[in-house]
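# Structure at a glance
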Amino acid sequence: MNLVRIGDIELASPICLSPMAGVSSLPFRVICRSLGATYSPTELTSARSIRYNGIEKSMQYMRIDPASEGITAIQLFGSEPEDFTCAIERILDDDRLNGVSMIDINMGCPVAKVIKTGAGSALLKDPGRASAIVKAAVAALSGAGRQIPVTVKTRIGFDRNEKGSPDFARMLADSGARMICVHGRTQADMYSGNADIGAIALMRRSVEDYDLAFFANGDISDGLSARRMLDETGADGLMVGRAATGNPWVFDKIRRELDGREAAPVTLDERKRMLIKELEGRCLYAREDIAVREMRGVMTFYIKGTPGAAQLKVALCGAVSLSQVREILFDE
Ligand SMILES: Cc1cc2nc3c(=O)[nH]c(=O)nc-3n(C[C@H](O)[C@H](O)[C@H](O)COP(=O)(O)O)c2cc1C
């Protein structure tokens, strides 16, 4: 992998944490960075909600910390260009957010409640609207005198039989996106089946002559799958999603294995300590019982596949405080 440019931002061998709602908390993103993730966009946040309900309601999804994250990206979703204009203006007006490095636009979310509003992967079926959204975001940023690139995360298509959307990729580049990340599934696939690497490669080739970084995403979990994705798509960078949930070591593993080195095994004790570290981090930003509840879905991933995981999982799901989680994990 070479040096990659997204606007004025230079990244060496980008392997990033793919944005995941409920998973990509600020503490987890910082942990992933310490283990080799290049950067990690926030989870998706509604541009419309920022516009009409103000920034505070969405802050929990958008919180960034450039000092500990390095490169930051806030991901927005929506279907009205004007919502993006307003949301970006509000972000740039907020001292906690205006240090953001990139604005990422979600054009891949397959969830019904998002696509029925014309947002997320529904935009694959409405390229005119998708283009207007990218242009509105680019204009809002440059109008504020900021050199903040706009990036887009999308899929290979909407309908199940689609084998890539090269015109859509070119349209995004023509509209001003500086990086696109393509997940190798269609909306209809949701998360089932295997990522279609050929379809990603088709989209990659379609924008080869553009000043556009291209990232590939889908089913990357180790050096082998990362190597295959890089070789078969020619992508400039990778995003890793589910394989990183409760497993931030995956970035170190992928980097080592790509270099032909072996990854060090992670002990159960290390897993438990990392779970606590993430939870402690979450408790800095949310009331303790809320942080514990919000992390329930993720906690079980830290201990997945270890002896006694099933019992631990049941106990962890009943915990409401940090001390209870500690007791469950360490006083067995
Ligand atoms: C629980 C969950 C939440 C997700 N949330 C988002 C999101 O907020 N924004 C986004 O662009 N993609 C989201 N995704 C999609 C992932 O970023 C990624 O594209 C997908 O999981 C495929 O990559 P993987 O095979 O490495 O997991 C989510 C996926 C999962 C499993």
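Residues numbered from 1 in each chain as written. Predicted model: local features only at pLDDT ≥ 70, side-chain atom pairs only at ≥ 80, totals over all residues. Heavy atoms only, no water.

### Section: the site of the ligand
By nearness alone, 17 residues border the ligand, and Pro19, Gln75, Asn217, Asp219 and Arg242 come closest of all. Ser18 is positioned with one of its side-chain polar atoms (N or O) 2.8 Å from an oxygen atom of the ligand. Asp219 has a polar backbone atom sitting 2.7 Å from an oxygen atom of the ligand. Expressed as a share of its isolated accessible area of 610 Å², the protein-covered part of the ligand is 86%. Its residues assigned to classes, the shell around the ligand comprises six nonpolar, seven polar and four charged. (Near = heavy atom within 4 Å. Polar contact = N/O pair within 3.5 Å; in protein donor to acceptor, adjacent residues only side chain to side chain. Areas by Shrake-Rupley, 256 points an atom, 1.4 Å probe, with all protein chains shown as cover. Nonpolar A, V, L, I, M, F, W, Y, C, P; charged D, E, K, R; others polar.)

### Remarks on the pattern of salt bridges
Inspection of the entire model under this criterion finds 24 salt bridges. The residue Asp211 makes a salt bridge to Arg178 at a minimum N-O spacing of 2.5 Å. One end of the pair, Asp211, is in the loop between helix H9 (197-206) and strand S10 (213-217); the other, Arg178, is in the loop between helix H8 (166-175) and strand S9 (179-186), with 33 residues separating them in the sequence. When its relative accessible area of 57% is taken as the criterion, Asp211 is described as exposed. Note that Glu257 is salt-bridged to Lys253, the shortest N-O span being 2.9 Å. Of this pair, Glu257 and Lys253 both sit in helix H11 (residues 250-258), separated by four residues, roughly a single helical turn. On the basis of relative accessible area, Lys253 is assigned to the partly exposed category, the value being 30%. It is possible to trace a salt-bridge network through shared partners that takes in Arg48, Arg51 and Asp83. (Salt bridge = Lys/Arg side-chain N within 4 Å of Asp/Glu carboxyl O. Helix = DSSP H or I, 4+ residues; strand = E, 2+ residues; numbered from the N terminus. Buried < 20%, exposed > 50% of the residue type's maximum accessible area, 1.4 Å probe, protein only.)

### Considering helix H14 (residues 309-318)
Three or more residues of H14 are buried, namely Ala309, Leu312 and Leu316. What you see down the axis of H14 is that its buried residues fit within an arc of 60°, all on one side. Seen from the open side of H14, the exposed residues pointing more than 90 degrees away from its buried face are Ala310, Gln311, Val314 and Gly318. Buried residues in H14 make contact with helix H12 (268-283), helix H13 (288-303) and helix H15 (322-330). (Arc of directions from axis to C-beta. Contact = heavy atoms within 4.5 Å.)

### Looking at the packing of aromatic side chains
All told, the structure shown has zero aromatic pairs when counted by the stated rule. Residue placement shows Arg155 over the ring face of Tyr191; its charged tip is 5.1 Å from the ring centre. (Phe/Tyr/Trp six-rings, centres within 6.5 Å; stacked < 30°, edge-to-face > 60°. Lys NZ or Arg CZ within 6 Å of the ring centre and 35° of its normal.)

### Details of the side chain of Glu43
Tracing the backbone shows Glu43 in the loop between strand S4 (40-41) and strand S5 (45-46). Of the side chains with opposite charge, Arg29 lies nearest to the buried Glu43, which makes no salt bridge, at 6.8 Å. Polar contacts involving the side chain of Glu43 include one to the main-chain amide nitrogen of Gly22, which spans 3.2 Å. Setting aside residues no more than four positions away along its own chain, Glu43 makes contact with Pro19, Met20, Ala21, Gly22, Ser24, Tyr61 and Gln75. (Lys, Arg positive; Asp, Glu negative; His and termini not counted.)

### Notes on H8
Every buried residue of H8 is accounted for by Phe168, Ala169, Met171, Leu172, Ala173 and Ser175. Those residues of H8 hidden inside the fold are in contact with strand S7 (102-107), helix H7 (127-143), strand S8 (150-157), S9 and H9. One or two residues past the end of H8 sits Gly176, with phi positive at roughly 120°.

### Quick notes on the nonpolar core
Formed by 89 residues in total, the largest nonpolar core has its most connected members in Ile91, Met107 and Val325. Counting contributing residues per domain, this core is built from domain 1 (3-258) and domain 2 (268-330), each supplying no fewer than three. Setting aside residues up to four positions removed in sequence, Val325 forms contacts with Leu275, Ile276, Leu279, Val292, Met299, Leu316 and Ala319. (Core = buried A, V, L, I, M, F, W, Y, C linked by side-chain atoms within 4.5 Å. Domains from an automatic or database assignment.)

### Description of unusual backbone geometry
Positive phi outside glycine occurs at Ser13, with the angle close to 45°. By secondary structure assignment, the location of Ser13 is in the loop between strand S2 (9-12) and strand S3 (15-17). Residues other than glycine seldom take positive phi values, yet Asp219 does so here, at roughly 65°. Its place among the elements puts Asp219 in the loop between S10 and helix H10 (223-233). Taking the relative accessible area as the measure of exposure, Asp219 reaches 36% and is therefore partly exposed.

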